[in-house]
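A closer look at the structure
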Amino acid sequence: MTRVGFYVVSDGDAGGRPLVACRLANKAAARGHRVFLHCADEAQARSLDELLWQFRPDAFLPHALVGETAGEAVLIGWGQDPGNHDDLLINLDLTPPPFFPRFHRVAEVVTRDEASLQALRAAWQFYKERGYALEKHDL
């Protein structure tokens, strides 16, 4: 069954969610995991694509947007089917995507801004009511 982790960022800046997602993706990819970064929309996906090129000047994380290539270990989408990715889903949308159960793990990034807190509290309840194993990680 899918394990769901909530990664709680101590500050209240919703803009910090993409940076945390980059760090999680980098760490997971370094351990050999295939990562699907699910964004709220195309604009957020393209912004995340740019951030992944820049967030660590001393490292390179191969990645692609859905449709650009099928072979990258890190793939970014905004509602499309994740293709052959089923290992780690990092969700940057504020609601769980319908395809989340196919993944072994889901990472939800939480900041302490009011919109994120309300939406992700609802997501916690959504997963809990369906019997998923939940974890909370304070960052």
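1. Quick look at the pairing of strand S1 (residues 3-8)
On a regular strand, one side chain projects to one face of the sheet and the next to the other, so that they alternate. Counting buried positions along S1 gives 5 out of 6 residues, so the element sits mostly inside the fold. Bridging between S1 and strand S6 (residues 105-110) involves 6 bridges; their strand directions are parallel. Each bridged residue has a counterpart across the sheet, and for Tyr7 the counterpart in S6 is Val109.

2. What about the side chain of His38?
The topology assignment puts His38 in strand S2 (residues 35-38). The contact partners of His38, leaving out residues within four places of it in the chain, are Gly77, Trp78, Gly79, Leu89, Ile90, Asn91, Leu92, Asp93, Pro97 and Phe99.

3. Things to note about the environment of Leu51
Checked against the element boundaries, Leu51 lands in helix H2 (residues 42-54). Considered as a pair, Leu51 and Pro18 are 33 residues apart in the sequence and their alpha carbons are 7.9 Å apart. Sequence-distant contacts of Leu51, that is, excluding residues within four places in its chain, are made with Pro18, Leu19 and Cys22.

4. Topic: helix H3 (residues 114-129)
In this model, H3 (16 residues) spans 23 Å end to end at C-alpha, consistent with the 22 Å of a helix rising 1.5 Å per residue. Phi for Gly131, located one or two positions after H3, is positive at around 85°.

5. A word on the pattern of salt bridges
If you walk through the whole model with that rule in mind, you get 7 salt bridges. Residue Arg105 pairs with Glu135 through a salt bridge whose shortest N-O separation is 3.1 Å. Note that Arg105 is positioned in strand S6 and Glu135 in strand S7 (residues 133-138), a separation of 30 residues in sequence. By relative accessible area, which is 22% here, Glu135 ends up partly exposed. The salt bridge involving Asp138 is made with Lys136; its shortest N-O contact spans 2.8 Å. Put simply, Arg3, Arg105 and Glu135 are held in one network by salt bridges that share partners.

6. Some details on the sheet that holds S1
Across the sheet, 7 strands lie side by side as S3-S4-S2-S5-S6-S1-S7; this open sheet has parallel pairing. Strands at the two margins of the open sheet, each flanked by one partner only, are strand S3 (64-65) and S7. Strands S2, S3 and strand S4 (74-77) of the sheet are contacted by H2, whose axis makes an angle of about 150° with S4.

7. Overview of the nonpolar core
Counting 24 residues, the largest nonpolar core has Val35, Leu37, Leu48, Leu52, Ile76 and Ile90 as its most contacted members. Contributing elements (two or more residues each) for this core: helix H1 (16-30), S2, H2, S4, strand S5 (88-91) and S6. Ranked by residue count, the leading element in this core is H1, at 6 residues. Counting residues in each nonpolar core, the second largest holds 17 residues, with Phe36, Ala64, Ala123 and Tyr132 among its members.

8. Focus on the layout of surface pockets
Put simply, the largest pocket is a space of about 300 Å³. As for the largest pocket, its lining consists of Tyr7, Leu24, Lys27, Ala28, Arg31, His33, Asp87, Leu88, Arg105, Ala107, Glu135 and His137. Among the elements of the structure, H1, S6 and S7 are those that each provide at least two residues to the lining of the largest pocket. By residue number, the principal contributor to the lining of the largest pocket is H1, which donates 3 residues. Each residue belonging to the lining of the largest pocket can be placed in one class, and the counts come to 5 nonpolar, 2 polar and 5 charged. One number sums up the size of the second largest pocket: a volume of about 170 Å³. The wall of the second largest pocket is formed by Phe6, Val8, Val110, Arg112, Leu117, Leu120, Arg121, Trp124 and Lys136. Elements supplying a minimum of two residues to the lining of the second largest pocket: S1 and H3. Top element by residues in the lining of the second largest pocket is H3. It accounts for 4 residues. The residue inventory of the lining of the second largest pocket, partitioned by class, reads 6 nonpolar, no polar and 3 charged.

Conventions used here
Residues numbered from 1 in each chain as written. Predicted model: local features only at pLDDT ≥ 70, side-chain atom pairs only at ≥ 80, totals over all residues. Heavy atoms only, no water. Buried < 20%, exposed > 50% of the residue type's maximum accessible area, 1.4 Å probe, protein only. Helix = DSSP H or I, 4+ residues; strand = E, 2+ residues; numbered from the N terminus. Pairing = 2+ DSSP bridges. Contact = heavy atoms within 4.5 Å. Expected span 1.5 Å × (residues − 1). Salt bridge = Lys/Arg side-chain N within 4 Å of Asp/Glu carboxyl O. Axes fitted to C-alpha atoms, helices over the stretch in contact; angles between N-to-C directions. Core = buried A, V, L, I, M, F, W, Y, C linked by side-chain atoms within 4.5 Å. 1 Å grid on protein atoms, 1.4 Å probe; cavity = no way out; pocket = protein on both sides within 12 Å on 5 of 7 lines; lining within 4 Å. Points joined across faces, edges and corners; volume = space filled by probe spheres on them. Nonpolar A, V, L, I, M, F, W, Y, C, P; charged D, E, K, R; others polar.

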